[in-house]
Each structure stands twice: as C-alpha cells, then as structure tokens.
Amino acid sequence: MDSITALLEGFATAAQPAYLLYALLGVTLGTAVGVLPGIGPAMTVALLLPLTYTLDPTAALIIFAGIYYGGMYGGSTTSILLNTPGESASIVTALEGNKMARAGRGAAALATAAIGSFVAGTIATVLLTLLAPTIADIAVTLGPADYVALMVVAFTTVAALLGSSPVRGLASLGLGLFIGLIGTDTLSGQQRFTLGVSTLADGIDVVVVAVGVFAVGEALYVASRLRHGPIEVIPVGGKWMTREFWARSWKPWLRGTFIGFPIGTVPAGGADVSTFVSYAAEKKLSKKPEEFGHGAIEGVAGPEAANNAAAAGVLVPLLTLGLPTTATAAVIVAAFQSYGIQPGPLLFTNNSAMVWALIASLYIGNVMLLVLNLPLVKMWVKVLQIPRPYLYAGILLFAALGTYAVNFVVDDLIVLLIIGVAGFFMRRHGYPVAPLVVGLILGPMAEEQVRRTLQISEGSLSALVTSPFAAVAYSVLVVLLAVAVVVRVRRKKAETLV
C-alpha cells in the first residue's frame, strides 16, 4: 500500500507541465535515435549527460528514462522497413518484420510492434513498481561479501553475454576495471597509474569515458561503415491491425512480456537474450509455424514485447542494487553518480520522491510513445534521410562541448580523444564496449566491498563465498552461463537469416 501511495505522489510530480515536457523530449529523442542504425540510447544518454547538468536530477533522469524506452520503440522501424536493426535487440524483429513489409504488410508489422511495446512496457512497469521496493528492502540486509558476489555475477554475465566472444568481453571488462583503478587510493592516499599527470590524480571521470566510447568511438565506427548515399526504404503498405492480426498478436504480447521482464531483472544479457527466447517460444507455439521465416506476425509481436519488458526489468537491479546489466543502464548509473546519487537499496529511502517520479514518468512515457509511433511512423522514416556527414559531425561536436563542460579542463578533451579512438578500434575488432563501462563503474565499488569483507573476516578469503546469499549467487551464475551457451548458439543461427 505504501508503494501505491508513493507512486501516486510520483505521478503528482511527473504530471507537472515542466516534467511532462522533459518526458516528451526524452521519448522523442529516444525514438529518433532508435530509428538511426548504430546510434542507440546508450550513445544518446552519454552525449546528453554533460548537457543536462543545469537541470535538477529528477528532470534529467526523466529525460534519460524516456530516451531508454524510446530507443526500444524506435529500433523496430528500421528493422521492419530496412532490415537494418537500429539496436541489437531488434535483430529478431528484422527476421519477420522485414519480410512482412516486403509482402505489403509493413503497416501491420509496425502496428503490432508499437502496440506490443506499449502493452509490455506498461505491464513490466507495473511489475517494477511492485517488486523494486521489496527487493530494496531485502538488499539493505546484504553484507559486503554478498555485494561482491552480485558484482562478480554482473561482471561475468555482462562480459560473457555481450559481444561475439566471451574472451573479448572479459578483455573489455578488464580494461574498464583498470581505468577504474586510475587515481588516488582512498585507503592509502597513494596515486595509482597516474604517470605523474596531476589531472589523473582524481581519476578519469565516468562521464568522459561514457561519452568517449559510446559517442565518439561509436560515431567514428558507424561513420566509417555507412558512407553511402540515401537509404532505400520499403513503403509502409497494407492495412494496420485487422481482426486476424489482433487475434494472432495478443498472446505473443503477453508471453513476450513475461519472458522479457524476468530475463531483464538478472544480469543475463537484457533485451538481446529475451528477444531470441521469445522468438523461439513463438515459433514452437504458433499454429502456423510454416510462416516463420516468411513474415509471421507472431515473430514481430513477441520479441518486441520481450524487448520492452526487458528494458523495464533492467531497471530493477539498477535502482535496487546499483547494478547495471546493459550498456544504457551503465550510462544511466553514471547519470545518477554525476548528481551525487548512488543507486542501490538506500535509494528508495534517501531519494524516494525522485525515484517514484521517475517510475511514474515511465507510465506517462509509454502512452506518449504509443501516440508518437503509430501516426508518425512516416516522419521517423524521414529521419533516415539526414546527411550522415552532418549527423556524425554534430555528434562529435556535442561530445567535445559536453565533455569540456564537465570540469572545464582541456585535458579532459585529450582523454576523450584517446578513449574515443580506443572505443573505435574496440568496435572495429569486435570488442563490446558495455563491459568496459560496467567495469569502470562497479570496479571501485567491488574493491571497496572486498576490502570490507577481508577486514571483517581478518583476511580470510573464504568469507567471500561462505555466506548463504553469496553461495546462491555463484550457483545462479553457473546456471546463467550454461543457458547463455544455448542461447548464443540459437542467436547465431537466427542472425544468419537476417
């Protein structure tokens, strides 16, 4: 009952005209960047991080949440009309959605994706509302060793499940952990890996790293690959949602929701994994399995619902434990920290009004997204016609200005360039950048918790694994990695069909 009261108070805050405008701005930006191949919500949030410092924390986080949800919506448009997923989580949508568009049923594919996203996003946000406070209450009772176990689970699964190779994911994670060590040791007061550079004594700002790898590195990578002329877009044809399409879509919407949300709540690959699991489930349960691979509407409805449900599920460990399990979640954690707010079990106690306003804005944003996506799909397609030199030059300009605005130090621009070039080569050679940012954010926190555990246990390493919660966490990790092997095999088979 307390949660309902707090949520109503959150709606009272989020419904203020200024916050409604911020929510609209967020979902509009999110949809626009979701439409553009290679420019996802992680890049957009990273790019806007320095530019939102003049806003209060609630307004900034409402914008970022809108971008996050909007990016999930927008990715389906390019998947269906171009067969070019804007986000990796939209790969499965391209399997059936593009074939529907080529068969003259593009309008139905876009409609089932938009409505399914709305249904799943709303249900998943309700589950977030109900579960998050309870999990936060439980998390308060966890000890240092338990948090170490949670972070090890996050490190391992994020590194192993993102990207094409677990080894490359772990290498990216290691680089992030190393960058997190740069600066002054809080316990001994000694400088580590600063090379005598005074600017590095305070460490490398998470915002600079996030903007470097997600904005500069990604912009250089995408610009280097997409240098051709205008993109040929399949016209939006056919009827929207006929009675038959409604009948074939509503069950996949619900199944996708309840597949995506629990997968999103654990460090298991987020929306990427849930969409492939949903697609496999719909293919097995369909009464018309022969249509799969040729434009089955269930193959669009289920994965799109799973995609958005997982997006809400990712917010559960983020808000209650402070654990980011996706690239965008990692950047949102950086947004919290830039305002001096640490997401975790005490967030619902120390920043209750802000958190509930954020959750209320998710409900409002979902409605806005449905209104934006159904009638304005042709406008979003025109976004693809933006000349790419202007687009990527603008991204690099805003990245440089935003980074300089963080501390007004020129050295930050040098660090930005170095990290941006490193991010470019990582993307070019198949090294995922999300584990790098997760390692940078969680690494110092993990180090602190390990030190606390060893101090309490007088140096006994067994204390890291003997607590009941830690033992369960490591057991779950083994199960997740086993499931990941199966999902990765199926995913590679599905990607070959796109």
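Here the residue numbers are simple positions, counted from 1 along each chain's written sequence. Confidence filtering applies because this is a predicted model: local features only for residues at pLDDT of at least 70, side-chain atom pairs given and counted only at 80 or more, and all residues used for totals across whole chains, interfaces and linings. Think of the side-chain values as coming from all heavy atoms in the structure, minus any hydrogens and water.

Going by the annotation in an unreviewed UniProt entry, the name recorded for the protein chain is Tripartite tricarboxylate transporter permease, with Lentzea miocenica given as the source organism.

(A) Fine view of the overall build of the protein chain. In terms of regular secondary structure, the protein chain is built from 21 helices and 2 strands. Think of it in three bands: residues with accessible area under 20% of the maximum for their type are buried, residues over 50% are exposed, and the middle band is partly exposed, with areas taken using a 1.4 Å probe on protein chains only. Looking at the 498 residues of the protein chain, the share that counts as buried comes to 57%. Here, residues are in contact when the closest pair of their heavy atoms is within 4.5 Å. Within the protein chain, residue pairs in contact and separated by at least 24 positions form 80% of the contacts whose partners lie at least 6 positions apart. On the protein chain, roughly 20200 Å² of surface is accessible, and the fraction owed to carbon and sulfur atoms is 67%. Put simply, DSSP H or I for four residues or longer makes a helix, DSSP E for two residues or longer makes a strand, and each gets a number counted from the N terminus. For the accessible areas, the method is Shrake-Rupley and the probe is 1.4 Å, while residue cover comes only from the protein chains on display.

(B) Region of interest: the packing of helix α9 (residues 206-225) against helix α19 (residues 434-456). Interaxial angle, 0 to 180 degrees, is taken between N-to-C directions of lines fitted to C-alpha atoms, where a helix line uses only the stretch in contact. Close contact between α9 and α19 brings their axes to 10 Å; oriented N to C, the two are set at 175°. As the angle between them shows, α9 and α19 are arranged roughly antiparallel. Side by side, α9 and α19 meet where Val-206, Val-209, Val-213 and Phe-214 of the first sit next to Ala-434, Leu-436, Val-437, Leu-440 and Ile-441 of the second. When residue character is reported, Ala, Val, Leu, Ile, Met, Phe, Trp, Tyr, Cys and Pro are called nonpolar, Asp, Glu, Lys and Arg charged, and the others, Gly included, polar. Taken together, the residues of the contact of α9 with α19 break down into 9 nonpolar, no polar and no charged. Our angle categories are set so that under 35 degrees counts as roughly parallel, over 145 as roughly antiparallel, 65 to 115 as roughly perpendicular, and the remainder as oblique.

(C) Representation of the packing of helix α13 (residues 327-338) against α19 in the model. Their axes nearest at 8 Å, the elements α13 and α19 cross at an angle of 40°. Taken together, the axes of α13 and α19 are oblique relative to one another. Between α13 and α19 the crossing geometry is left-handed. Where α13 approaches α19, its residues Ala-327, Ala-330, Val-333, Ala-334 and Gln-337 are matched on the opposing element by Ala-434, Val-437, Val-438, Ile-441 and Met-445. Should the near helix be turned anticlockwise from the far one by less than a right angle, the crossing is termed left-handed; should it be turned clockwise, right-handed.

(D) Representation of the packing of aromatic side chains in the model. Here a pair means two rings of Phe, Tyr or Trp (six-membered ring of Trp) with centres within 6.5 Å. Their orientation is stacked below 30 degrees between planes, edge-to-face above 60, and tilted elsewhere. Inspection of the entire model under this criterion finds 7 aromatic pairs. Taken together, a centroid distance of 5.1 Å and an interplanar angle of 70° make the contact between Phe-424 and Phe-425 edge-to-face. On the basis of relative accessibility, which here comes to 13%, the residue Phe-424 falls in the buried class. Since its relative accessible area comes to 41%, Phe-425 is described here as partly exposed. Charge-over-ring contacts are defined here by two conditions on Lys NZ or Arg CZ: a distance within 6 Å of the ring centre and an angle within 35 degrees of the ring normal. Arg-168 extends its terminal NZ or CZ atom over the ring of Tyr-431, reaching a point 5.6 Å from the ring centre.

(E) Representation of the layout of surface pockets. A 1.4 Å probe that fits but cannot get out identifies a cavity on a 1 Å grid over protein atoms alone, an open set with protein on both sides within 12 Å along at least five of seven lines counts as a pocket, and a residue lines either if it has an atom within 4 Å of a point. Grid points are joined across faces, edges and corners, and a volume is the space filled by probe spheres set on the points. Its volume calculated, the second largest pocket comes out at about 560 Å³. As for the second largest pocket, its lining consists of 25 residues, of which Gly-180, Thr-184, Thr-186, Arg-192 and Pro-444 are closest to the centre. Sorting the residues of the lining of the second largest pocket by element identifies α8 (166-181), β1 (183-184) and α19 as the ones contributing at least two each. Ranked by the residues each element gives to the lining of the second largest pocket, the list is headed by α19, at 9 residues. Looking at the lining of the second largest pocket residue by residue, the class counts come to 10 nonpolar, 7 polar and 8 charged.

(F) Region of the structure containing the environment of Ala-23. The residue Ala-23 is located in helix α2 (residues 17-35) in this model. On the basis of relative accessibility, which here comes to 5%, the residue Ala-23 falls in the buried class. Placed 42 residues apart in sequence, Ala-23 and Ala-65 show a C-alpha to C-alpha distance of 8.1 Å. Discounting residues that sit within four places of it in the chain, Ala-23 has contacts with Ile-62 and Met-368.

(G) Main features of the pattern of salt bridges. Any Lys or Arg side-chain nitrogen located within 4 Å of an Asp or Glu carboxyl oxygen qualifies as a salt bridge. Counted under the stated rule, the structure contains 6 salt bridges. For Glu-447, the salt bridge is made with Arg-192, and the minimal N-O distance between the two is 2.9 Å. On the criterion of sequence distance, the pair formed by Glu-447 in helix α19 and Arg-192 in strand β2 (residues 191-192) is long-range, its members being 255 residues apart. Classification of Glu-447 by relative accessible area gives partly exposed; the value is 22%. The salt bridge involving Glu-244 is made with Arg-248; its shortest N-O contact spans 3.4 Å.

(H) Fine view of the confidence of the model for the protein chain. Scored by pLDDT, the protein chain has a mean of 81; 89% of the residues are at 70 or more. Of all the helices and strands in the protein chain, helix α16 (residues 377-383) carries the lowest mean pLDDT, 70, while helix α15 (residues 352-373) carries the highest, 89. On a scale of 0 to 100, pLDDT captures the predictor's confidence in every residue.

(I) Structural context of unusual backbone geometry. Not every positive phi belongs to a glycine, and Phe-193 is a case in point at roughly 55°. Here Phe-193 is to be found in the loop between β2 and α9. Given a relative accessible area of 46%, Phe-193 falls into the partly exposed group.

(J) Layout of the nonpolar core. Put simply, a nonpolar core is a bunch of buried Ala, Val, Leu, Ile, Met, Phe, Trp, Tyr and Cys residues held in one set by side-chain atoms that sit within 4.5 Å of each other. Of all hydrophobic cores here, the largest spans 117 residues; its most connected members are Phe-64, Phe-214 and Phe-336. Here the element with the most residues in this core is α9; it accounts for 13 residues.

(K) Inspection of the side chain of Thr-320 at higher detail. Within the fold, Thr-320 resides in helix α12 (residues 298-321). Residue classification places Thr-320 among the buried residues on the basis of a relative accessible area of 0%. At a separation of 2.5 Å, a polar atom in the side chain of Thr-320 contacts the main-chain carbonyl oxygen of Val-316. Here Thr-320 is in contact with Ala-132, Ile-135, Ala-136, Ala-139, Gly-344, Pro-345 and Phe-348, once residues within four sequence places are set aside. We define a polar contact as two N or O atoms separated by no more than 3.5 Å, with the added condition that, inside protein, one atom must be a possible hydrogen donor and the other a possible acceptor, whereas residues neighbouring each other in sequence contribute only through side-chain atom pairs.

(L) Quick look at a nonpolar patch on the surface. Surface patches are defined over residues having more than 30% relative accessible area and no salt bridge, joining like charges when they lie within 9 Å and nonpolar side chains (Val, Leu, Ile, Met, Phe, Trp, Tyr) when within 5 Å. A grouping of Leu-220, Leu-396, Leu-417, Val-421 and Phe-425 is seen on the molecular surface, where their side chains present a nonpolar patch of about 390 Å² in accessible area. In terms of residue count, helix α18 (residues 410-428) provides more of the nonpolar patch than any other element does, 3 residues in total. By secondary structure assignment, the location of Leu-396 is in helix α17 (residues 388-407). Judged by relative accessible area, which is 31%, Leu-396 ranks as partly exposed.

(M) Expanded view of helix α10 (residues 243-265). The terminal C-alpha atoms of α10 lie 34 Å apart, and with 23 residues this matches the ideal 33 Å at 1.5 Å per residue to within 8%. In this scheme, the bend at a residue equals the angle between the axes fitted to the seven residues that finish there and the seven that begin there. Along α10, the largest kink reaches about 30° and is centred on Ser-249; proline Pro-252 follows within four residues of it. Among all positions of α10, only Phe-245, Arg-248, Ser-249, Pro-252, Trp-253, Gly-256, Thr-257, Ile-259, Gly-260, Phe-261, Ile-263 and Gly-264 are buried. A helix is expected to span 1.5 Å multiplied by its residue count minus one.

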